[in-house]
Amino acid sequence: MTTSATWKVGQLAEASGLTVRTLHHWDTIGLLCPSQRTTGGHREYTEEDLVRLYQVLALRSLGLALDTIAVCLDAGVDPARLVRDHLAGVEASLAALGVLRERLVRLSGELSVSQAPTASDLVDALRAIGGTGPESEHTLGRHLDADEIEVLRTRAGVLGPAMHYLLEVEWPELYRRAERLRAEGTPPSDRKVRRLAARMDELSALFTGGDTDISAGVRAAWHDDPTARSGDYGAPDDDWRELADYLDRARSSPA
(Lines give C-alpha, C1' and ligand atoms only; values in the text may rest on other atoms or scores of the structure.)
Protein backbone atom coordinates (compact mmCIF):
# COMPACT_ATOMS: atom_id res chain seq x y z
CA MET A 1 0.00 0.00 0.00
CA THR A 2 1.37 3.44 -0.92
CA THR A 3 1.22 6.48 1.31
CA SER A 4 0.21 9.82 -0.18
CA ALA A 5 2.84 12.52 0.02
CA THR A 6 2.41 15.36 2.47
CA TRP A 7 4.17 18.70 2.75
CA LYS A 8 5.05 20.74 5.79
CA VAL A 9 4.31 24.43 5.58
CA GLY A 10 7.91 25.41 4.84
CA GLN A 11 8.20 22.86 2.04
CA LEU A 12 4.95 24.01 0.47
CA ALA A 13 5.95 27.66 0.75
CA GLU A 14 9.22 26.97 -1.04
CA ALA A 15 7.59 24.88 -3.77
CA SER A 16 4.80 27.38 -4.45
CA GLY A 17 6.80 30.59 -4.15
CA LEU A 18 4.62 31.79 -1.28
CA THR A 19 5.76 32.76 2.19
CA VAL A 20 5.11 30.74 5.32
CA ARG A 21 3.34 33.81 6.69
CA THR A 22 0.95 33.81 3.72
CA LEU A 23 0.08 30.14 4.18
CA HIS A 24 -0.48 30.71 7.90
CA HIS A 25 -2.80 33.62 7.07
CA TRP A 26 -4.76 31.57 4.55
CA ASP A 27 -5.15 28.86 7.17
CA THR A 28 -6.41 31.41 9.70
CA ILE A 29 -9.07 32.80 7.34
CA GLY A 30 -10.11 29.33 6.19
CA LEU A 31 -9.01 29.75 2.58
CA LEU A 32 -6.44 26.93 2.60
CA CYS A 33 -6.37 24.76 5.69
CA PRO A 34 -3.97 21.78 5.96
CA SER A 35 -5.87 18.51 6.11
CA GLN A 36 -3.49 16.92 8.57
CA ARG A 37 -1.40 17.71 11.62
CA THR A 38 1.67 15.92 12.92
CA THR A 39 1.67 14.46 16.42
CA GLY A 40 3.48 17.63 17.44
CA GLY A 41 0.70 19.81 16.01
CA HIS A 42 2.55 21.03 12.93
CA ARG A 43 0.66 21.63 9.68
CA GLU A 44 0.79 18.98 6.95
CA TYR A 45 -0.67 19.57 3.51
CA THR A 46 -1.98 16.72 1.37
CA GLU A 47 -2.32 16.29 -2.39
CA GLU A 48 -5.95 17.48 -2.13
CA ASP A 49 -4.68 20.62 -0.42
CA LEU A 50 -2.31 21.17 -3.36
CA VAL A 51 -5.26 21.02 -5.76
CA ARG A 52 -7.03 23.71 -3.74
CA LEU A 53 -3.81 25.75 -3.62
CA TYR A 54 -3.64 25.69 -7.42
CA GLN A 55 -7.26 26.83 -7.59
CA VAL A 56 -6.55 29.67 -5.17
CA LEU A 57 -3.52 30.83 -7.14
CA ALA A 58 -5.30 30.50 -10.49
CA LEU A 59 -8.27 32.55 -9.32
CA ARG A 60 -5.95 35.11 -7.74
CA SER A 61 -4.11 35.45 -11.04
CA LEU A 62 -7.46 36.41 -12.60
CA GLY A 63 -7.65 39.35 -10.21
CA LEU A 64 -10.10 37.95 -7.65
CA ALA A 65 -9.91 38.99 -4.01
CA LEU A 66 -9.36 36.35 -1.33
CA ASP A 67 -12.94 36.56 -0.03
CA THR A 68 -14.25 36.10 -3.58
CA ILE A 69 -11.95 33.12 -4.11
CA ALA A 70 -13.26 31.52 -0.93
CA VAL A 71 -16.86 31.94 -2.13
CA CYS A 72 -16.00 30.46 -5.53
CA LEU A 73 -14.24 27.42 -4.09
CA ASP A 74 -16.88 26.81 -1.41
CA ALA A 75 -19.56 27.03 -4.11
CA GLY A 76 -17.81 24.23 -6.01
CA VAL A 77 -15.71 25.56 -8.87
CA ASP A 78 -15.01 22.79 -11.39
CA PRO A 79 -11.19 22.34 -11.52
CA ALA A 80 -11.28 21.41 -15.22
CA ARG A 81 -13.26 24.54 -16.05
CA LEU A 82 -10.92 26.59 -13.89
CA VAL A 83 -7.90 25.39 -15.87
CA ARG A 84 -9.70 26.04 -19.17
CA ASP A 85 -10.67 29.55 -18.08
CA HIS A 86 -7.19 30.22 -16.78
CA LEU A 87 -5.70 29.08 -20.10
CA ALA A 88 -8.27 31.07 -22.07
CA GLY A 89 -7.41 34.19 -20.08
CA VAL A 90 -3.69 33.74 -20.72
CA GLU A 91 -4.24 33.10 -24.44
CA ALA A 92 -6.55 36.10 -24.74
CA SER A 93 -3.94 38.30 -23.07
CA LEU A 94 -1.24 37.00 -25.42
CA ALA A 95 -3.46 37.58 -28.46
CA ALA A 96 -4.31 41.11 -27.34
CA LEU A 97 -0.65 41.88 -26.73
CA GLY A 98 0.21 40.50 -30.18
CA VAL A 99 -2.35 42.77 -31.84
CA LEU A 100 -1.17 45.74 -29.82
CA ARG A 101 2.46 45.01 -30.72
CA GLU A 102 1.69 44.90 -34.46
CA ARG A 103 -0.16 48.20 -34.34
CA LEU A 104 2.50 49.90 -32.24
CA VAL A 105 5.19 48.67 -34.63
CA ARG A 106 3.22 50.21 -37.50
CA LEU A 107 2.85 53.51 -35.62
CA SER A 108 6.52 53.50 -34.66
CA GLY A 109 7.53 52.98 -38.29
CA GLU A 110 5.38 55.86 -39.46
CA LEU A 111 6.67 58.20 -36.76
CA SER A 112 10.31 57.25 -37.38
CA VAL A 113 10.09 58.61 -40.94
CA SER A 114 8.27 61.72 -39.76
CA GLN A 115 5.03 60.47 -41.26
CA ALA A 116 1.89 61.34 -39.34
CA PRO A 117 -0.02 58.16 -38.45
CA THR A 118 -3.36 57.77 -40.15
CA ALA A 119 -6.54 58.20 -38.17
CA SER A 120 -7.34 54.56 -38.89
CA ASP A 121 -4.05 53.39 -37.36
CA LEU A 122 -4.60 55.52 -34.28
CA VAL A 123 -8.11 54.16 -33.80
CA ASP A 124 -6.82 50.61 -34.24
CA ALA A 125 -4.18 51.19 -31.58
CA LEU A 126 -6.71 52.67 -29.17
CA ARG A 127 -8.99 49.67 -29.66
CA ALA A 128 -6.09 47.32 -29.02
CA ILE A 129 -5.30 49.13 -25.78
CA GLY A 130 -8.81 49.37 -24.38
CA GLY A 131 -11.11 47.28 -26.52
CA THR A 132 -13.89 45.22 -24.98
CA GLY A 133 -16.26 42.56 -26.08
CA PRO A 134 -19.61 43.19 -27.81
CA GLU A 135 -21.80 41.45 -25.21
CA SER A 136 -25.00 43.11 -24.05
CA GLU A 137 -28.00 42.08 -21.98
CA HIS A 138 -31.54 42.48 -23.38
CA THR A 139 -32.93 43.27 -19.93
CA LEU A 140 -30.28 45.89 -19.24
CA GLY A 141 -31.05 47.47 -22.60
CA ARG A 142 -34.50 48.41 -21.33
CA HIS A 143 -33.02 50.41 -18.45
CA LEU A 144 -29.66 51.71 -19.70
CA ASP A 145 -28.77 53.78 -22.74
CA ALA A 146 -26.02 52.90 -25.21
CA ASP A 147 -23.38 54.98 -23.42
CA GLU A 148 -24.15 53.35 -20.08
CA ILE A 149 -23.99 49.86 -21.58
CA GLU A 150 -20.65 50.82 -23.12
CA VAL A 151 -19.41 51.71 -19.62
CA LEU A 152 -20.37 48.21 -18.46
CA ARG A 153 -18.54 46.70 -21.42
CA THR A 154 -15.46 48.75 -20.61
CA ARG A 155 -15.59 47.66 -16.99
CA ALA A 156 -15.90 44.06 -18.15
CA GLY A 157 -12.78 44.52 -20.24
CA VAL A 158 -10.90 45.93 -17.26
CA LEU A 159 -11.92 43.01 -15.05
CA GLY A 160 -11.11 40.45 -17.75
CA PRO A 161 -11.58 36.76 -16.88
CA ALA A 162 -12.38 37.67 -13.28
CA MET A 163 -15.75 38.96 -14.51
CA HIS A 164 -16.88 35.39 -15.21
CA TYR A 165 -16.36 34.29 -11.62
CA LEU A 166 -17.77 37.44 -10.11
CA LEU A 167 -20.96 37.28 -12.18
CA GLU A 168 -21.50 33.54 -12.55
CA VAL A 169 -20.13 32.21 -9.27
CA GLU A 170 -19.92 34.77 -6.48
CA TRP A 171 -22.94 36.91 -7.39
CA PRO A 172 -25.47 34.02 -7.49
CA GLU A 173 -23.92 32.48 -4.37
CA LEU A 174 -24.39 35.73 -2.44
CA TYR A 175 -28.07 35.76 -3.38
CA ARG A 176 -28.50 32.10 -2.44
CA ARG A 177 -26.95 32.74 0.98
CA ALA A 178 -29.18 35.76 1.52
CA GLU A 179 -32.25 33.76 0.53
CA ARG A 180 -31.35 31.00 3.01
CA LEU A 181 -31.11 33.59 5.78
CA ARG A 182 -34.44 35.12 4.76
CA ALA A 183 -36.12 31.71 4.67
CA GLU A 184 -34.74 30.93 8.13
CA GLY A 185 -36.35 34.09 9.50
CA THR A 186 -33.09 35.98 10.09
CA PRO A 187 -33.94 39.68 10.52
CA PRO A 188 -32.51 41.95 7.80
CA SER A 189 -30.70 43.95 10.48
CA ASP A 190 -28.56 40.91 11.32
CA ARG A 191 -24.84 41.45 10.71
CA LYS A 192 -24.63 38.43 8.36
CA VAL A 193 -27.35 39.86 6.10
CA ARG A 194 -25.86 43.36 6.12
CA ARG A 195 -22.46 41.94 5.16
CA LEU A 196 -23.98 40.10 2.19
CA ALA A 197 -25.79 43.25 1.06
CA ALA A 198 -22.57 45.26 1.43
CA ARG A 199 -20.62 42.77 -0.69
CA MET A 200 -23.31 42.91 -3.38
CA ASP A 201 -22.99 46.69 -3.39
CA GLU A 202 -19.19 46.36 -3.69
CA LEU A 203 -19.64 44.15 -6.74
CA SER A 204 -22.17 46.57 -8.21
CA ALA A 205 -19.68 49.43 -7.83
CA LEU A 206 -17.00 47.26 -9.41
CA PHE A 207 -19.19 46.49 -12.43
CA THR A 208 -20.51 50.04 -12.87
CA GLY A 209 -17.43 52.06 -11.94
CA GLY A 210 -19.41 53.66 -9.12
CA ASP A 211 -21.83 55.43 -11.49
CA THR A 212 -25.04 55.88 -9.48
CA ASP A 213 -27.27 56.20 -12.57
CA ILE A 214 -25.96 52.94 -14.01
CA SER A 215 -26.31 51.25 -10.61
CA ALA A 216 -29.93 52.39 -10.48
CA GLY A 217 -30.52 51.00 -13.99
CA VAL A 218 -28.94 47.67 -13.08
CA ARG A 219 -31.08 47.46 -9.96
CA ALA A 220 -34.18 48.24 -12.03
CA ALA A 221 -33.18 45.43 -14.39
CA TRP A 222 -32.90 43.15 -11.38
CA HIS A 223 -36.48 43.92 -10.40
CA ASP A 224 -37.56 43.52 -14.03
CA ASP A 225 -35.92 40.11 -14.48
CA PRO A 226 -34.60 38.91 -11.10
CA THR A 227 -34.05 35.28 -12.13
CA ALA A 228 -31.49 36.33 -14.72
CA ARG A 229 -29.49 38.21 -12.09
CA SER A 230 -29.82 35.56 -9.36
CA GLY A 231 -28.72 32.66 -11.52
CA ASP A 232 -31.62 30.51 -10.26
CA TYR A 233 -34.10 30.14 -13.10
CA GLY A 234 -36.30 27.77 -11.12
CA ALA A 235 -37.40 30.35 -8.58
CA PRO A 236 -40.51 32.50 -9.18
CA ASP A 237 -39.87 36.19 -9.77
CA ASP A 238 -41.94 37.12 -6.71
CA ASP A 239 -39.58 35.17 -4.44
CA TRP A 240 -36.60 37.13 -5.73
CA ARG A 241 -38.46 40.43 -5.40
CA GLU A 242 -39.17 39.59 -1.76
CA LEU A 243 -35.46 38.93 -1.38
CA ALA A 244 -34.66 42.28 -3.00
CA ASP A 245 -36.91 44.03 -0.47
CA TYR A 246 -35.24 42.04 2.33
CA LEU A 247 -31.79 43.19 1.18
CA ASP A 248 -32.96 46.80 0.83
CA ARG A 249 -34.11 46.68 4.46
CA ALA A 250 -30.71 45.30 5.42
CA ARG A 251 -29.02 48.23 3.67
CA SER A 252 -31.13 50.74 5.58
CA SER A 253 -30.59 49.03 8.94
CA PRO A 254 -28.26 50.81 11.39
CA ALA A 255 -24.84 49.21 11.78
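Reading guide: rules and limits
- Residues numbered from 1 in each chain as written.
- Predicted model: local features only at pLDDT ≥ 70, side-chain atom pairs only at ≥ 80, totals over all residues.
- Heavy atoms only, no water.
- Helix = DSSP H or I, 4+ residues; strand = E, 2+ residues; numbered from the N terminus.
- Buried < 20%, exposed > 50% of the residue type's maximum accessible area, 1.4 Å probe, protein only.
- Contact = heavy atoms within 4.5 Å.
- Areas by Shrake-Rupley, 256 points an atom, 1.4 Å probe, with all protein chains shown as cover.
- pLDDT = per-residue confidence, 0-100.
- Pairing = 2+ DSSP bridges.
- Core = buried A, V, L, I, M, F, W, Y, C linked by side-chain atoms within 4.5 Å.
- Axes fitted to C-alpha atoms, helices over the stretch in contact; angles between N-to-C directions.
- Parallel < 35°, antiparallel > 145°, perpendicular 65-115°, else oblique.
- Left-handed = near helix turned anticlockwise from the far one by under 90°.
- Nonpolar A, V, L, I, M, F, W, Y, C, P; charged D, E, K, R; others polar.
- Salt bridge = Lys/Arg side-chain N within 4 Å of Asp/Glu carboxyl O.
- Arc of directions from axis to C-beta.

Remarks on the overall build of the protein
When its secondary structure is counted, the protein shows 13 helices and three strands. Across the 255 residues in the protein, those meeting the buried criterion constitute 34%. Look at the contacts in the protein between residues 6 or more apart in sequence, and 59% of them connect residues 24 or more apart. Carbon and sulfur atoms provide 53% of the accessible area of the protein, an area that totals close to 14800 Å².

Some details on the confidence of the model for the protein
This prediction gives the protein a mean pLDDT of 75; 74% of its residues lie at or above 70. Counted against residues more than four places away or in other chains, residues 129–137, with its pLDDT under 50, gives 11 contacts.

Remarks on the sheet that holds strand β2 (residues 36–37)
In a beta sheet, neighbouring strands pair by backbone hydrogen bonds and run either parallel or antiparallel. One open sheet holds the three strands; their spatial order is β1-β3-β2, and the pairing between them is antiparallel. Two strands lie at the open edges of the sheet, namely β1 (7–8) and β2, each paired on one side alone. Alignment of β1 against strand β3 (residues 43–45), held across two bridges, turns out to be antiparallel. Residue K8 lies in a different strand from β3, and its bridge partner there is E44.

What about the nonpolar core?
With 40 residues, the main nonpolar core has L23, W26, L59, L64 and L247 as its most contacted residues. For this core, the secondary structure elements donating two or more residues are α1 (9–16), α2 (20–28), α3 (47–61), α4 (66–74), α9 (162–183), α10 (191–208) and α13 (237–252). Among the elements that line this core, the one with the most residues is α9, at 10 residues. Once residues lying within four places of it in the same chain are set aside, the contact partners of L64 are L59, I69, C72, A162, Y165 and L166.

Quick look at the packing of α1 against α2
Two elements in contact, α1 and α2, have axes whose closest approach is 9 Å; the angle formed by their N-to-C orientations is 115°. Considered as vectors, α1 and α2 are oriented roughly perpendicular to each other. Note that α1 runs across α2; the crossing there is right-handed. Here V9, G10, L12 and A13 of α1 lie close against α2, whose contacting residues are V20, L23 and H24. Looking at the contact of α1 with α2 residue by residue, the class counts come to five nonpolar, two polar and no charged.

Some words on the environment of W240
Position of W240 among the secondary structure elements: in helix α13. A relative accessible area of 3% means that W240 is categorised as buried. Put simply, W240 and E179 are 61 residues apart on the chain and 8.3 Å apart in space, counted from C-alpha to C-alpha.

A word on the pattern of salt bridges
Tallied over the full model, the rule gives 13 salt bridges. A salt bridge links R199 to E202; the nearest nitrogen and oxygen atoms lie 2.9 Å apart. You can see R199 and its partner E202 sitting in helix α10, three residues apart, about one turn around the helix. One salt-bridge network, held together by shared partners, links E173, R176, R177 and R180.

Notes on α2
Listed in full, the buried residues belonging to α2 are L23, W26 and D27. Looking straight down α2, one finds its buried side chains confined to an arc of 105°; they lie on one side. Turned more than 90 degrees away from the buried face of α2, the exposed residues are R21 and T28. Buried-residue contacts for α2 involve α1, β2, β3, α3 and α4. Where α2 ends, the next residue or the one after it, G30, has phi of about 85°, a positive value.

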